[in-house]
Structures are given as structure tokens and as C-alpha cells.
Amino acid sequence: QQRGNTVLVVEHDEATICAADTVIELGPGSGAQGGEIMFQGSVPELLRADTLTARYLRGDASISLPDERREPQGWLTLHDVTTNNLRGIDCRFPLGVLTCVTGVSGSGKSSLIQCLMDAYPVQEDIEYISQKNIGASLRSTPATYMGVADDIRKIFAKENKVSADWFAFNSKGGCPVCGGKGVIVSEMAFMDSVETVCEACGGLRYSPEALQYKIRGEYNIAQVMDMTVRVASRYFAGTVIEEKLRPLMDVGLVYLHLNQALSTLSGGELQRMKLASRLGQSRRIFILDEPTAVLTTQETVELFKELRNLKEQGYTIVFISHKLNEIMEITDRLTIMRGGRSMGVYNTCDVTKEDISRLMV
């Protein structure tokens, strides 16, 4: 910037926002509820505005969630861990509570978590949720990822007495022009591919033959797949479809459409999608690597509400984070890493932000 360059940053971090010359806030919500410019101006002007970001920056809204601290129900223990920059450390992870592992970048947080995974290889209860992409593509949707697409196809096939393949966009029922993608992808030699809506199906993905069939005399397959998670849960209330969609409701992804390509989701939405897909399993220990790295403060609140609910059900939650406000308000226990060493496990009610900052440096 000092050299005359223009710098554009997409960020939720409070310090980065406050360091900017100009702030543009989009909203008011996520997905179809967003797309509007809620504010554009300087940081002082933002602090006087009545937007969600402004309310969090001023302290009018808080990430704090009332909760009683829980006592450990046991421990996962590591002894004399030496790998990467970890040098013979001992560490304990309490069971049945919410624990944060923190420290500066490169201090050994991820290495410590990996050692925990390696130390308990037969521990089938452990579910690790990383920051890696979930394999999003044009053909991957919330319906396919959560396993409800097959259930919906079976309902259509049963009511119309035809093959379920008619209701799969990557099979017999797919648009013959775009192959069920809903878009035509034009490969460009020296730039990114260009996507245009398929003129044959109008982006619906399905052939005219498939769209002639309906369920309950109301909706065809494209109309059902275009329902949001919330609407579909109500429409299929009392069925296995509602049961499979409930985790998406729990993590706040109620606004996603069943047919929405996962490639259009943000990093925060993909992270919550990944968590939701694991909630229906019999895992008892969740390990999350920087789960809030790409989330807004409001999205962080929604995510931690679900993690707190899991904790109240007896689950163990371990996550990595650098954000002191999350650490202090959300977790029961805190493991601080510094220079490849564990500085100890603390009750968060016994330390302050200043204590944490001092131990991390």
C-alpha cells in the first residue's frame, strides 16, 4: 500500500478490519439472504453504523454464551512427545469438556494434535475434522453430501412407479445437453473456465421427461431439490430425510438449497457442512483444526452453540484457535503451546487474556 498498490482483503478478523482504510460489509445474512452492501466507509464511520459487524466491534454484541464449566470425566495422556518441533513434552486432554489448543503459528499445535491421533489409533470414538477441502464440485450438493438424495429419489420412484434413475441428474434423468451440471463449462486456454447457465434446462439439471413426474401431486424433482434445508425438513417431517437434514439445521445451514453446488459455498459453510456430516455418527471425541478461521463472529457463535450442545451430551471437543475472545468465553480447558513446548493445561476461568498472551509469546 505504501508503494501505491491497491490491496483488497477478505477477512473477518477484528484487527484486520480496524487496520483498513475502507471497509465494505456485505449481508444482511448468509447465502440467499446476503448479497447486499450493508456499509461502505472508514472504520470510524463503521463503528457508528448499525450493522452486525459494527455491533460486534463496539461490543454491543458478544460471542459470550452463558454456561457452567464442566469437570473432566477422564484424560487422554501423552508422554515424552518428540516430533517436528515438539521436544519431549507431556500433555493431558480432558474428556467430556471443551478444550482449546492455542499458541503462535509454528508453535506445534497441529503436531500435538497429530500425536494425539497417533497415540490412540484404535480409538474409534475420535473424529478429526481438518481444514482440508471436502471435495466440492458442481455435482456435489447438500443433498448428496448428507445422503438424502437417494431417499428423495426413492419417494419419487415409488409414487410414480418408475425407475429411481429418472430422478438422478447424473443418470437417466439428467439434462442431455449439460449432463446434469446445470451449466455449460467452456474451457479457456489462458484463463479460468467460463460457466454459463444451460439454456436447455435453465439450470435445473433435469430433462423434460424427468420433470413431468411429481410427488403428492405438487412438486417435481427439480422443485424439491431447490428447497432450502429448512423447507425440506418441514416438508419431509417425520421421515428419514428430516433426520438426516437435522445436523445441517443444528449448525445453522438452514438456508442452503438441497441442489446448491458445494463449489459455491464459502470456507466457513464447508467447514460446518463437514461437521454436520459427522454428527449423526457414533463418535464421542471431536478434534477440529481451526474451525473458526474463516467464520464471521456471528457464524462462530452459531458453531459454538452446537459444540456446546455436544459437550452437554457428553462429547469431548478439542479445537485449535488463536482467537482470545473465543478461548476465554467458550472453552473449559486451555492448552498453550510455545516454541514446541506445552505450557500446561489451564482452567479458562483461572487465567486472563493477558496471561494467555504472555504465555504464548
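See the structure shown above.
Calculation rules
Residues numbered from 1 in each chain as written. Predicted model: local features only at pLDDT ≥ 70, side-chain atom pairs only at ≥ 80, totals over all residues. Heavy atoms only, no water. Helix = DSSP H or I, 4+ residues; strand = E, 2+ residues; numbered from the N terminus. Buried < 20%, exposed > 50% of the residue type's maximum accessible area, 1.4 Å probe, protein only. Contact = heavy atoms within 4.5 Å. Lys, Arg positive; Asp, Glu negative; His and termini not counted. Charge placed at Lys NZ, Arg CZ, Asp CG, Glu CD. Phe/Tyr/Trp six-rings, centres within 6.5 Å; stacked < 30°, edge-to-face > 60°. Core = buried A, V, L, I, M, F, W, Y, C linked by side-chain atoms within 4.5 Å. Axes fitted to C-alpha atoms, helices over the stretch in contact; angles between N-to-C directions. Parallel < 35°, antiparallel > 145°, perpendicular 65-115°, else oblique. Left-handed = near helix turned anticlockwise from the far one by under 90°. Nonpolar A, V, L, I, M, F, W, Y, C, P; charged D, E, K, R; others polar. Expected span 1.5 Å × (residues − 1). Salt bridge = Lys/Arg side-chain N within 4 Å of Asp/Glu carboxyl O. Patch = residues over 30% accessible without salt bridge, like charges linked within 9 Å, V, L, I, M, F, W, Y side chains within 5 Å. Areas by Shrake-Rupley, 256 points an atom, 1.4 Å probe, with all protein chains shown as cover.

**Student:** I would appreciate a short explanation of the overall build of the protein chain in the present structure.
**Tutor:** In terms of regular secondary structure, the protein chain is built from 14 helices and 14 strands. Structurally, the protein chain occupies a C-alpha span of about 65 × 55 × 45 Å along its principal axes. Buried positions account for 44% of the 361 residues belonging to the protein chain. Restricting to contacts in the protein chain with at least 6 residues of sequence separation, those with at least 24 account for 61%. In the protein chain, 38 side chains carry a positive charge and 45 a negative one; their mean positions are 3 Å apart.

**Student:** Is there a simple way to explain unusual backbone geometry in this structure?
**Tutor:** Cis geometry is found at the peptide bond from G27 to P28, where omega equals 0°. Residues other than glycine seldom take positive phi values, yet K161 does so here, at roughly 55°. As for its placement among the helices and strands, K161 is situated in the loop between α6 (149-160) and β7 (183-186). By relative accessible area, K161 is classed as exposed at 73%. A positive phi angle is found at R216, which is not glycine, with a value near 55°. Tracing the backbone shows R216 in the loop between β9 (214-215) and β10 (219-220).

**Student:** Before we go on, may I ask you to explain the packing of aromatic side chains in this structure?
**Tutor:** Working definition: an aromatic ring pair is given by the centre-to-centre distance plus the angle between the planes. Following the criterion strictly, the structure yields six aromatic pairs and no others. On the numbers, 5.4 Å between centres and 70° between planes, the contact of Y219 with Y235 is edge-to-face. Highlighted residues: Y219 in strand β10 and Y235 in helix α9 (residues 229-235), separated in sequence by 16 residues. The class for Y235 is buried, based on a relative accessible area of 14%. Note on F286 and Y315: the rings are 5.8 Å apart at their centroids and 50° apart in plane angle, and the pair reads as tilted. Remark: Y315 occurs in the loop between α12 (297-312) and β12 (316-320) and F286 occurs in strand β11 (residues 285-288); sequence separation between them is 29 residues. You'll find F286 and Y315 in the same group, each marked buried.

**Student:** Explanation requested: the nonpolar core in the structure shown.
**Tutor:** Across soluble globular proteins, you tend to see nonpolar side chains buried next to one another. If you look at the biggest cluster of nonpolar residues, it comprises 61 residues, and the most contacted ones within it are I152, L275 and F286. No other element matches the five residues that helix α11 (residues 267-279) contributes to this core. Once residues within four sequence positions are removed from consideration, L275 is found in contact with I129, V251, F286, L288, L303 and L307.

**Student:** How do you make sense of the packing of α6 against helix α10 (residues 240-250) when you look at a structure like this?
**Tutor:** Each pair of packed helices can be summarised by the angle the axes make with each other and by the distance between the axes. Direction vectors running N to C along α6 and α10 enclose 160°, while the axes themselves pass 9 Å from each other. Relative to α10, α6 is oriented roughly antiparallel. Our pair here, α6 against α10, has a crossing hand that is left-handed. Counted together, D151, I152 and I155 of α6 and V240, I241 and K244 of α10 form the full contact between these two elements. Split by residue class, the contact of α6 with α10 holds four nonpolar, no polar and two charged.

**Student:** Just to check I follow, could you spell out the packing of α11 against α12 for this structure?
**Tutor:** Put simply, α11 and α12 touch, their axes get as near as 12 Å, and they point 15° apart. When the axes of α11 and α12 are compared, the pair comes out roughly parallel. As α11 runs across α12, the sense of the crossing is left-handed. Counted together, R272, L275 and L279 of α11 and E299, E302, L303, E306, L307 and L310 of α12 form the full contact between these two elements. Residues of the contact of α11 with α12, tallied by class, amount to five nonpolar, no polar and four charged.

**Student:** Got a minute to help me understand α6 in this structure?
**Tutor:** Given 3.6 residues to a turn, an α-helix orients residues that are three or four positions apart in the same direction. Spanning twelve residues, α6 covers 17 Å between terminal C-alpha atoms, matching the ideal 16 Å at 1.5 Å per step. Within the sequence span of α6, burial applies to A149, D151, I152, R153, F156 and A157. Elements that come into contact with the buried residues of α6 comprise α5 (142-145), β9, β10, α8 (221-225) and α10. K161 lies just past α6 and shows a positive phi near 55°.

**Student:** Looking at this structure, I do not really get the pattern of salt bridges. What am I missing?
**Tutor:** Where charged atoms from two side chains of opposite charge approach closely, those side chains can pair. On inspection of all chains with the given rule, the structure shows five salt bridges. Put simply, R153 and D150 hold a salt bridge, and the shortest N to O gap is 2.2 Å. Remark: D150 and R153 occur in helix α6; sequence separation between them is three residues, near one turn of the helix. In this structure R153 comes out as buried when scored by relative accessible area, which is 16%. Residue D150 is classed as partly exposed on the basis of its relative accessible area, which comes to 45%.

**Student:** Could you clarify how one ought to interpret a nonpolar patch on the surface in this entry?
**Tutor:** A contiguous nonpolar surface patch, about 330 Å² in accessible area, is contributed by I24, L26 and I37. Here I37 shows up in strand β2 (residues 36-41).

**Student:** Even after reading the chapter, I still don't get the environment of L78, so can you show me in this structure?
**Tutor:** Structurally, L78 is set in strand β3 (residues 75-83). For L78, a relative accessible area of 3% translates into the label buried. Separated by 15 residues in the primary sequence, L78 and F93 place their C-alpha atoms 8.4 Å from one another. Residue contacts for L78: discarding those within four places in its chain leaves I89, D90, C91, F93, L112, C115, L116 and A119.

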